[in-house]
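Topology and contacts: notes
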Amino acid sequence: VVTAKRPWAPAAPLTQEDRAEFTGLILPLALTAFYSKNPSMTFSASQALKDLSTYCPELVVPELMGRIEPSMQNIMKPSEVQNAISLASYVLPTLLASEGGTDVLASVLSMTVAGIDTNDPMKTMYTLRLFNSIFTTIPLFDPKDLPPSCSKPEFLYTLGEWVADVIDRLFQLLEHVPVLKKGNPFKGHVQHLLRRFFDVLLHQMSPTLFAASLEKVARKAVQSIFPGAKQLIGYMLDSAVSASPKAALAKLVPLLCDKILSPSGEICGSESEATYFLALLGHTISRAGPNLLPYAAKVDAVLAATALHAEPAFFKEGQKLLRKAIQASIGIYPTDYRSLPPARWTFAGESDFIAACLRPVPLAEMSVTFNAPTPQCQARARSLIEFWLAKCAAAFAANPNGAALRSTLACVAGLIRGGAALFPPAPMQWDVSAAGTEQDADLDATPTVASALTPDDAAWGVALRARLGDILAEVCRTQGAADNPDVPGVKALVSAVSRFLTSKGAFTKHATLKHAVQYNKAVVRHYDLGEARAHSRESVVCRAHALLGRRSDQGVFEEDATAALLLNYLLSACLHEYCLVRKKAQKLLPETVRRYPRSPPRLLATALARLKDPACSKGAVSGVVYTIQSAQSLLRVARSWDLSKALVLGLLASHHFEETKVQVRLAELWTSFCPYFYAPPLTGLARAPTLLSDPDIAAALPAAAIAAQFEAGGRALAARAAGSEAALAEMAGALKANMREGLLPSGGKVHWRMAVLSGGAPPLVGG
């Protein structure tokens with residue numbers, strides 16, 4: 001029995017006899033389940049065998065050693081091979097600590113290289129998970145890189161050939177990877193698995209192995225192109241730079257730049273080749289940090305030729321390169337993903353290699369460090385932003401259209417995504433006092449957390465953000481007409497505006513990194529062996545990076561005049577005449593308004609008012625319906641009597657839309673709203689009367705100040721109650737009037753849907 005909060009602290013310790021008896025009961029069942037063809041069953045069996053091997057290793061380990069190797073060799077039963085690979089990834093640390101464990105490891109490594117199979121995706125994923133389990137436990141050291149006093153297990157002498165075989169297999173796999181569409185869940189799973197695999201593989205290598213592997217990876221990456229796998233190969237190059245920045249950049253950046261540009265500065269090769277190597281260059285520099293500064297001229301030459309190119313294929317990759325060049329200068333990333341901290345990485349003073357690898361690393365000794373941008377890096381990022389923003393401003397002044405407009409807007413969006421940490425939006429100033437007019441106490445928002453990056457020149461950031469906001473506002477005035485037929489251009493404008501309003505400059509995706517280490521919980525953790533074995537160092541590094549990204553991205557912003565204008569434009573795009581523009585804006589608006597929690601009441605009221613407008617077009621009505629018809633918007637409407645009134649009266653006044661399809665959508669909006677409706681308090685969040693005598697409040701403020709605050713609060717609550725009562729009375733009166741008129745024998749002028757609405761709504765509002 002273990003406690004929930006401290007699973008490694010047993011509440012009722014088991015004796016050795018208890019462990020042996022319990023293991024004897026469960027072991028036969030787990031071994032039988034191991035041969036199942038059901039993935040869920042084998043997963044549970046592997047979990048059970050992992051735990052049993054730590055409870056009572058003298059009974060379990062011999063059974064496992066006698067089954068894993070024969071099962072891996074049983075190619076006539078593919079499911080058994082797959083199960084054996086999966087089981088090995090779970091129990092490997094326990095096997096290594098046993099006698100003969102290194103022989104089992106050598107055998108498993110030699111047999112599972114063939115598991116990277118282009119014809120069997122599931123076996124390939126199980127094999128990569130096994131390698132992840134091995135590499136997060138055992139560093140890949142060439143014997144020449146170990147001190148003379150340290151033992152050198154026999155399998156270390158074959159690691160060079162083994163790593164070369166794995167790289168060959170990986171490129172064979174990537175050569176046949178199909179192009180998976182964005183949003184495909186399998187694509188995300190493959191990306192997470194391979195990215196973590198590349199990080200762990202290359203960071204765990206000793207200098208000799210890394211040098212040989214880098215040479216092989218660089219040669220294979222440029223000798224042919226793999227269009228369907230360019231992102232995955234880019235991850236491999238990115239991991240190589242992260243593991244050894246100076247050596248990898250010296251090898252890769254000149255090689256890739258020469259593949260993109262000729263000596264005269266022109267793009268060489270075909271479009272597919274050039275864009276492929278552009279994508280690889282972007283991935284290569286994305287975590288380079290200060291080490292990229294010596295190659296700034298080469299990167300700038302590539303940017304000059306591609307970032308504002310007339311062809312979409314070139315400017316898309318060129319602007320990704322621009323974004324990553326800025327992020328490389330100001331990004332904050334872990335320095336390594338190794339299984340051992342720097343103090344133990346050289347194995348100095350160690351006599352037993354395997355024992356040193358298996359010795360737990362306490363949390364206090366993990367030494368998780370991050371690369372911080374230098375002043376030179378920040379200056380480099382500012383110069384890139386200034387240079388390319390000036391080019392964009394000049395392009396906008398020429399009133400571009402078509403591809404030129406999309407290229408310029410995409411460049412602006414890239415500057416925002418890459419450098420927003422240098423010019424972040426101003427955090428919202430909360431007012432939760434009783435006299436607050438904005439009702440901030442009702443807001444459901446996360447306060448802003450200070451970013452990990454402190455800009456060197458805050459005044460420059462404020463000025464640049466104002467300049468960028470003015471540029472986007474002007475483009476909205478010239479290109480933001482509701483009937484603008486340039487759908488791709490308007491979509492690019494909507495995307496750029498949303499980026500400007502929401503981006504705070506986080507350097508990682510919290511959810512992605514957190515998902516990437518979920519598998520570690522099942523594979524690496526051994527709670528029963530103590531707190532020190534509950535977390536691998538690589539897992540802690542990933543979680544620390546994810547937490548940094550989450551904290552850097554938290555917060556809500558102040559809605560200044562420019563932000564209000566751009567939010568209004570986003571709302572107008574939600575009501576655009578072209579459905580593709582509406583869909584794009586409706587997808588981005590909820591994420592945007594979360595950053596400005598005071599804006600939804602104004603925006604929702606504006607949208608609902610369009611229902612009363614007889615001149616409102618069919619496209620605008622559809623935009624109103626689908627903008628409001630989301631859980632976030634419906635909850636906001638239901639919480640406010642004023643917005644509920646606006647919705648009901650707007651629906652009652654919308655009978656002038658004669659088309660049946662429009663009326664069906666309006667009826668769907670009402671049907672969607674009803675489950676969210678409840679009778680909110682007329683006063684909003686009421687203050688408990690006991691607060692006046694609360695000891696903490698009495699100790700913090702003088703009695704006169706407390707009394708004044710509560711008096712002001714009472715007046716604010718009374719004013720809000722009066723407004724809510726008026727809205728409720730107006731809504732109830734309109735509903736009753738429409739119900740009476742709709743039920744008259746001659747009530748044909750009132751649409752029948754509105755009569756149903758009126759008849760069903762009064763019980764909800766107490767009519």
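Fair warning: this is a prediction, and the values are worked out from it, not measured in the lab. (Residues numbered from 1 in each chain as written. Predicted model: local features only at pLDDT ≥ 70, side-chain atom pairs only at ≥ 80, totals over all residues. Heavy atoms only, no water.)

Moving on, we get to the overall build of the protein chain. Secondary structure assignment for the protein chain yields 34 helices and two strands. Buried residues in the protein chain amount to 49% of all 767 residues. Across the protein chain, contacts joining residues at least 24 apart in sequence account for 79% of those joining residues at least 6 apart. For the protein chain, the computed accessible surface area is about 33800 Å², with 58% contributed by carbon and sulfur atoms. (Helix = DSSP H or I, 4+ residues; strand = E, 2+ residues; numbered from the N terminus. Buried < 20%, exposed > 50% of the residue type's maximum accessible area, 1.4 Å probe, protein only. Contact = heavy atoms within 4.5 Å. Areas by Shrake-Rupley, 256 points an atom, 1.4 Å probe, with all protein chains shown as cover.)

Here we take up helix α10 (residues 230-243). The α-helix advances 3.6 residues per turn, and as a result positions three or four apart in sequence lie on the same side. Given a rise of 1.5 Å per residue, 14 residues ought to cover 20 Å, and the 20 Å separating the end C-alpha atoms of α10 matches this to within 8%. The element α10 is extensively covered by neighbouring structure, given that 12 of its 14 residues are classed as buried. All buried positions along α10 are accounted for by Leu-232, Ile-233, Gly-234, Tyr-235, Met-236, Leu-237, Asp-238, Ser-239, Ala-240, Val-241, Ser-242 and Ala-243. (Expected span 1.5 Å × (residues − 1).)

Within the element layout of this structure, Leu-105 appears in helix α5 (residues 101-112). Spatially, the C-alpha atoms of Leu-105 and Ile-134 are 8.8 Å apart, while their sequence positions differ by 29 residues.

In this section: the environment of Val-361. With respect to the secondary-structure elements, Val-361 resides in the loop between α16 (353-358) and β2 (370-371). Taking the C-alpha atoms as reference points, Val-361 and Pro-341, separated by 20 residues in sequence, lie 8.0 Å from one another.

Our next topic: the nonpolar core. Counting residues in each nonpolar core, the largest one holds 201 residues, and the members touching the most others are Phe-131 and Phe-353. It is helix α4 (residues 78-96) that provides the largest number of residues to this core, a total of 10 residues. Those residues within four positions of Phe-353 in sequence are excluded, and the remaining contacts are Ile-138, Pro-139, Phe-141, Leu-146, Cys-150, Ser-151, Pro-153, Phe-155, Leu-156 and Phe-347. (Core = buried A, V, L, I, M, F, W, Y, C linked by side-chain atoms within 4.5 Å.)

The tally for this structure, following the rule as stated, stands at 16 aromatic pairs. On the numbers, 4.8 Å between centres and 70 degrees between planes, the contact of Phe-34 with Tyr-35 is edge-to-face. On the accessibility criterion, Phe-34 (2% relative accessible area) is buried. Relative to Trp-388, the ring of Phe-387 lies with its centre 5.3 Å away and its plane at 90 degrees, an arrangement referred to as edge-to-face. Overall, the relative accessible area of 46% leaves Phe-387 in the partly exposed class. A residue is classified by how much of its surface remains accessible, and Trp-388, at 3% relative accessible area, is buried. Sitting above the plane of the Tyr-126 ring, Arg-129 keeps its charged end 5.7 Å from the centroid. Sitting above the plane of the Phe-500 ring, Arg-465 keeps its charged end 4.1 Å from the centroid. (Phe/Tyr/Trp six-rings, centres within 6.5 Å; stacked < 30°, edge-to-face > 60°. Lys NZ or Arg CZ within 6 Å of the ring centre and 35° of its normal.)

Residues Gln-632, Ser-633, Leu-634, Val-637 and Ala-638 constitute the buried set of helix α28 (residues 631-639). Buried residues along α28 sit in contact with α25 (579-594), α26 (600-609), α27 (618-628), α29 (641-652) and α30 (660-673).

So, on to the confidence of the model for the protein chain. Across the protein chain, pLDDT averages 83, with 87% of residues at or above 70. Within the model, the stretch residues 434-438 combines pLDDT values under 50 with eight contacts to residues more than four positions away or in other chains. Residue range residues 746-750 is modelled with pLDDT below 50. Its contacts to residues more than four positions away, or to other chains, number seven contacts. (pLDDT = per-residue confidence, 0-100.)

Attention now moves to the pattern of salt bridges. Overall, the coordinates contain 21 salt bridges when judged by the stated rule. Measuring nitrogen to oxygen at the nearest pair gives 4.0 Å for the salt bridge that ties Lys-320 to Glu-317. Separated by three residues within a single helix, Lys-320 and Glu-317 lie in helix α14 (residues 312-330), roughly one turn from each other. On the basis of relative accessible area, Glu-317 is assigned to the buried category, the value being 8%. Put simply, Glu-558 and Arg-598 hold a salt bridge, and the shortest N to O gap is 3.2 Å. Taken as a pair, Glu-558 in the loop between α23 (537-553) and α24 (561-574) and Arg-598 in the loop between α25 and α26 lie far apart in primary sequence, 40 residues in all. You can call Glu-558 partly exposed: its relative accessible area is 28%. Residue Arg-598 is classed as partly exposed on the basis of its relative accessible area of 21%. Each of Arg-195, Asp-199, Asp-238 and Arg-287 takes part in salt bridges that share partners, so that together they form one network. (Salt bridge = Lys/Arg side-chain N within 4 Å of Asp/Glu carboxyl O.)

So, about unusual backbone geometry. In this structure, Ser-367 takes a positive phi of about 55 degrees despite not being glycine. Among the structural elements, Ser-367 can be located in the loop between α16 and β2. Even without being a glycine, Asn-399 presents a positive backbone phi close to 55 degrees. Owing to a relative accessible area of 52%, Asn-399 belongs among the exposed residues under this scheme.

Moving on: the packing of helix α9 (residues 207-223) against helix α11 (residues 245-260). When two helices pack together, their arrangement is captured by the angle between the axes and the distance separating the axes. Contact pair α9 / α11: the axes reach a minimum separation of 11 Å and the direction vectors enclose 15 degrees. Looking at the two axes, α9 sits roughly parallel to α11. Viewed along their axes, α9 and α11 form a crossing whose handedness is right-handed. Here Leu-214, Glu-215, Ala-218 and Val-222 of α9 lie close against α11, whose contacting residues are Ala-247, Ala-248, Lys-251, Leu-252, Leu-255, Leu-256 and Lys-259. (Axes fitted to C-alpha atoms, helices over the stretch in contact; angles between N-to-C directions. Parallel < 35°, antiparallel > 145°, perpendicular 65-115°, else oblique. Left-handed = near helix turned anticlockwise from the far one by under 90°.)

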